[in-house]
Amino acid sequence: QCTDLAAALTYYSVLAIFPAILALVSLLGVFGQGESTTQALLDVVRGERRPGTNVLVEADRIVEVSDATLRAPGARRIDLAGRTLMPGLIDAHTHIMFATVPQAVVLTSDVGYLNVAAVKAANDMLMRGFTSIRDLGGPVFGLKRGIDSGLVAGPRIWPAGAFISQTGGHGD
């Protein structure tokens, strides 16, 4: 068992499905211990659907994926009712602090309002299946901290901080 999800994905490519399972845990509000049964698990490494797959989550870690029934004392069972569980999506270019409000609002609003809009945008992205985003410019570090500490739901954020652009581009 690897305690760092990023390291697990690096060393065990078959574990590439785990971000989707973590997203499922976030989406369903399951904290503690739980088990889910899917109609099928989309295994992107093998390029196939795996019917009847079971997933065991302890705290915020996936500890087992199996075709066999999993037993865990006190586990909450979640039946995904014929759905297919797939890996989480990654948005590699977003500006989450400014994505859902018009530019005029960005330029004239109180920063508190922009933060509230960003929290809603982050939650909406997670609900659409995006479990990770790369924010390429904007004051997103507070939102990232809020998500990472569990204050609000949202995708993992890799922030750039200052805007990234070419010389003479829109970030100058």
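Residues numbered from 1 in each chain as written. Predicted model: local features only at pLDDT ≥ 70, side-chain atom pairs only at ≥ 80, totals over all residues. Heavy atoms only, no water.

## A short note on the sheet that holds strand 3 (residues 48-51)
Worth spelling out the cut-off: At least two DSSP bridges between two strands are needed for those strands to be called paired. Put simply, DSSP marks the helices as runs of H or I at least four residues long and the strands as runs of E at least two long, and each gets a number from the N terminus on.
Strand order across the open sheet formed by 3 strands is 3-2-7, with mixed pairing between neighbours. Every interior strand has two partners, whereas the edge strands, strand 3 and strand 7 (84-85), have only one. Two elements, strand 2 (residues 40-43) and strand 7, share 2 bridges in a ladder whose sense is parallel. Note that in strand 7 the partner of Ala40 across the bridge is Thr84.

## So, the sheet that holds strand 8 (residues 89-94)
As a reminder of what qualifies: As a rule, the C-alpha atoms of each element are fitted with a line to give its axis, helices using only the stretch in contact, and angles between N-to-C directions run from 0 to 180 degrees.
Taken in spatial order, the 3 strands of this open sheet run 8-9-10, and their pairing is parallel. Looking at the sheet topology across the chains shown, the edges are occupied by strand 8 and strand 10 (156-159). Along the sheet, successive strands turn relative to each other by an average axial angle of 15 degrees, direction set aside.

## Here's the deal with the environment of Glu58
Along the polypeptide, Glu58 turns up in strand 4 (residues 54-58). In this structure, the C-alpha to C-alpha distance between Glu58 and Ala72, residues 14 residues apart in sequence, is 9.5 Å.

## Topic: the confidence of the model for the protein chain
We apply this condition: pLDDT measures how confident the predictor is about each residue, on a scale from 0 to 100. Here, residues are in contact when the closest pair of their heavy atoms is within 4.5 Å.
Averaged over all residues, the pLDDT of the protein chain equals 78, while 76% of them reach at least 70. For the protein chain, per-element mean pLDDT is lowest for helix 1 (residues 5-11), which scores 38, and highest for helix 5 (residues 141-148), which scores 97. Across residues 1-33, where pLDDT falls below 50, the model places 65 contacts with residues more than four positions away in sequence or in other chains.

## Side note on the nonpolar core
What counts, and what does not: Residues belong to one nonpolar core when they are buried, are Ala, Val, Leu, Ile, Met, Phe, Trp, Tyr or Cys, and are joined through side-chain atoms within 4.5 Å. Throughout, exposure labels follow a simple rule: accessible area from a 1.4 Å probe, protein chains only, divided by the maximum for the residue type, with under 20% read as buried, over 50% as exposed, and the rest as partly exposed.
One finds Ile96, Met97, Ala118, Ala121, Ala122, Met125, Phe130, Ile133, Val140, Leu143, Ile147 and Ile157 forming the largest nonpolar core, which totals 12 residues. Mapped by element, the contributors of at least two residues to this core are helix 4 (111-127), strand 9 (130-135) and helix 5. In terms of residue count, helix 4 provides more of this core than any other element does, 4 residues in total. Ignoring sequence-local partners within four residues, the contact set of Ile157 consists of Ile133, Asp135, Val140, Leu143, Lys144 and Ile147. Within the second largest apolar cluster, 5 residues are counted, among which are Leu41, Val57, Ile62 and Leu85.

## Looking at the pattern of salt bridges
This is how the line gets drawn: In what follows, salt bridge is the name for a side-chain nitrogen of Lys or Arg lying within 4 Å of a carboxyl oxygen of Asp or Glu.
All chains considered together, the criterion is met by 6 salt bridges. We note a salt bridge from Asp43 to Arg50, for which the minimum N-O separation is 3.8 Å. For the residue pair Asp43 and Arg50, the accessibility class agrees, reading buried in each case. Lys120 is the partner of Asp124 in a salt bridge, and the nearest nitrogen-oxygen pair spans 2.7 Å. You can see Asp124 and its partner Lys120 sitting in helix 4, 4 residues apart, about one turn around the helix. Judged by relative accessible area, which is 53%, Lys120 ranks as exposed. Each of the salt bridges in this network shares a partner with another, and the network as a whole consists of Asp43, Arg46, Glu48, Arg50 and Asp67.

## Considerations on helix 5
For an α-helix, the turn length of 3.6 residues means that residues three or four places apart are oriented alike. This is how the line gets drawn: Throughout, the arc means that of the directions going from the helix axis to the C-beta atoms.
Those residues of helix 5 lying buried are Leu143, Gly146 and Ile147. Along the axis of helix 5, the buried positions cluster into a sector of 95 degrees, meaning they face one direction only. Pointing more than 90 degrees away from the buried face of helix 5 are the exposed residues Gly142 and Arg145. On its buried face, helix 5 sits against helix 4 and strand 10. Just past helix 5, the residue Gly150 takes up positive phi, approximately 85 degrees.

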